[in-house]
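# Residue-level structural notes
Below, each chain spelled out in residue letters.
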Amino acid sequence: DRVEAMGGSDSRGPTVLNLSDAAKYLGYDEDVVQLLPGAPSRTRQGGDNIQSAIEVTELPTRLEGTIVGYSDDYDCNDIGTSTSPDVVYSITPPQDMVIDMTTCFSNYDTKIFVYENEEGNFAASADGSEACNDDGETGEGCTEWTSRIDALFMTAGNTYYVVIDGWSGSEGDYVLDISVANPL
């Protein structure tokens, strides 16, 4: 329940963060905060491809960046061909978990999809559908044409590549929120 903060210390010793208090402060149920293996996600901009994917090391998290100027490497063809650039994050959970993700506050027409362990092998949502979405975010206050994947099942030890893309050449700045799914 206690984690030494990165680089924080004073004459009394290292700065210690109590995760339960931090979760309550952020408005999350303390049981929902998950730390994943790896260095903290200080770099929030996604990587250019799977080989340079940026590792996500805490949930819930908000990742912000842009796809402008990146390569167009991947697509989820069942929802329309894309010529938009894309960026990639990776998640390797230490235990089985179910997550939700949304691009609700992005400023362009987004697409998100998730590969399991390798390109082209789409992860499955809890309902068995491929983790690939174009305009599924309809929440109040969300930007029009943004994306959402709910109840994405992740198996411990597998690596999941979260691809942030655009539809039909659309590009811009994204906001990706990832949280542990609430089963209720």
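Reading guide: rules and limits
- Residues numbered from 1 in each chain as written.
- Predicted model: local features only at pLDDT ≥ 70, side-chain atom pairs only at ≥ 80, totals over all residues.
- Heavy atoms only, no water.
- Phe/Tyr/Trp six-rings, centres within 6.5 Å; stacked < 30°, edge-to-face > 60°.
- Helix = DSSP H or I, 4+ residues; strand = E, 2+ residues; numbered from the N terminus.
- Buried < 20%, exposed > 50% of the residue type's maximum accessible area, 1.4 Å probe, protein only.
- Lys, Arg positive; Asp, Glu negative; His and termini not counted.
- Salt bridge = Lys/Arg side-chain N within 4 Å of Asp/Glu carboxyl O.
- Polar contact = N/O pair within 3.5 Å; in protein donor to acceptor, adjacent residues only side chain to side chain.
- Contact = heavy atoms within 4.5 Å.
- Disulfide = S-S within 2.5 Å.
- Patch = residues over 30% accessible without salt bridge, like charges linked within 9 Å, V, L, I, M, F, W, Y side chains within 5 Å.
- Areas by Shrake-Rupley, 256 points an atom, 1.4 Å probe, with all protein chains shown as cover.
- Charge placed at Lys NZ, Arg CZ, Asp CG, Glu CD.
- pLDDT = per-residue confidence, 0-100.
- Core = buried A, V, L, I, M, F, W, Y, C linked by side-chain atoms within 4.5 Å.
- Pairing = 2+ DSSP bridges.

## Re the packing of aromatic side chains
Counted according to the given criterion, the structure contains 5 aromatic pairs. Taken together through their ring pairs, the aromatic side chains of Tyr 74, Phe 113, Tyr 115 and Phe 122 make up a single cluster.

## Digging into the side chain of Asp 86
Inspection of the secondary structure puts Asp 86 in the loop between β6 (61–66) and β7 (87–91). Comment: no salt bridge for buried Asp 86; closest opposite-charge side chain is Lys 111, at 8.3 Å. Within polar-contact distance, the side chain of Asp 86 engages the backbone nitrogen of Asp 73 at 3.1 Å. Residues contacting Asp 86, with those up to four places away along its chain left out, are Gly 47, Asp 48, Ile 67, Tyr 70, Ser 71, Asp 72, Asp 73, Tyr 74, Val 163, Ile 164 and Asp 165.

## Here's the deal with the pattern of salt bridges
Summed over all chains, the structure comprises 3 salt bridges. With its nearest N and O atoms 2.4 Å apart, the salt bridge here joins Asp 75 to Lys 111. In this pair, Asp 75 is assigned in the loop between β6 and β7 and Lys 111 in strand β9 (residues 110–116), connecting sequence segments 36 residues apart.

## As for the state of the cysteines
All chains considered together, the criterion is met by 2 disulfides. In this model Cys 76 forms its disulfide with Cys 132; the gap between the sulfur atoms is 1.4 Å. The sign of the -130 degrees torsion about the S-S bond sets the Cys 76-Cys 132 disulfide as left-handed. Remark: Cys 132 occurs in strand β10 (residues 132–133) and Cys 76 occurs in the loop between β6 and β7; sequence separation between them is 56 residues. Cys 132 shares its class with Cys 76; the two are buried. Across the disulfide, Cys 104 is cross-linked to Cys 142 (sulfur-sulfur distance 2.0 Å). Residues Cys 104 and Cys 142 are joined by a disulfide whose S-S torsion is about -105 degrees; by sign, that bridge is left-handed.

## Considering a negative patch on the surface
Side chains of Asp 72, Asp 73, Glu 118 and Glu 119 sit close together on the surface and give a patch of like negative charge. Mapped onto the elements, Glu 118 comes out in the loop between β9 and β10.

## Considering the confidence of the model for the chain
Scored by pLDDT, the chain comes out at a mean of 79, with 73% of its residues at no less than 70. Looking across the chain, the model is least confident in strand β1 (residues 2–10), with a mean pLDDT of 35, and most confident in β7, with 97. Low confidence marks residues 1–33, where pLDDT is under 50. Its contacts with residues over four positions away, or in another chain, come to 35 contacts.

## Some points on the nonpolar core
Tyr 89, Ile 99, Met 101, Val 114, Leu 152, Ile 164 and Leu 176 are the most contacted members of the largest nonpolar core, which has 26 residues in total. Taken together, the elements giving at least two residues each to this core come down to β7, β8 (97–102), β9, β11 (148–154), β12 (160–166) and β13 (173–180). Among the elements that take part in this core, β13 stands out by supplying 4 residues, more than any other. Other than its neighbours up to four places away in sequence, Ile 99 contacts Leu 59, Ile 91, Ile 149, Asp 150, Ala 151, Leu 152, Met 154, Ile 178, Ser 179, Val 180 and Ala 181. Grouped together as the second largest cluster of nonpolar side chains are 11 residues, Tyr 74, Cys 76, Tyr 161 and Val 163 included.

## Regarding the environment of Glu 171
Turning to its location among the elements, Glu 171 is positioned in the loop between β12 and β13. Residues Glu 171 and Thr 83 lie 88 residues apart in sequence; the distance between their C-alpha atoms is 9.5 Å. Ignoring anything within four residues of it in the chain, the contact list for Glu 171 reads Ile 67, Val 68, Pro 85 and Tyr 108.

## Comments concerning the pairing of β9
Counting buried residues in β9 gives 7 out of 7 residues, a clear majority hidden from the surface. Neither face of β9 is exposed, since Thr 110, Ile 112, Val 114 and Glu 116 on one face and Lys 111, Phe 113 and Tyr 115 on the opposite face are all buried. Bridge count between β9 and β12: 7 bridges; the pairing is antiparallel. Bridge pairing links Val 114 to Val 162 in β12. For β9 and β10, the ladder comprises 2 bridges, and the chain directions are antiparallel. Bridge pairing in β10 links Phe 113 to Cys 132.

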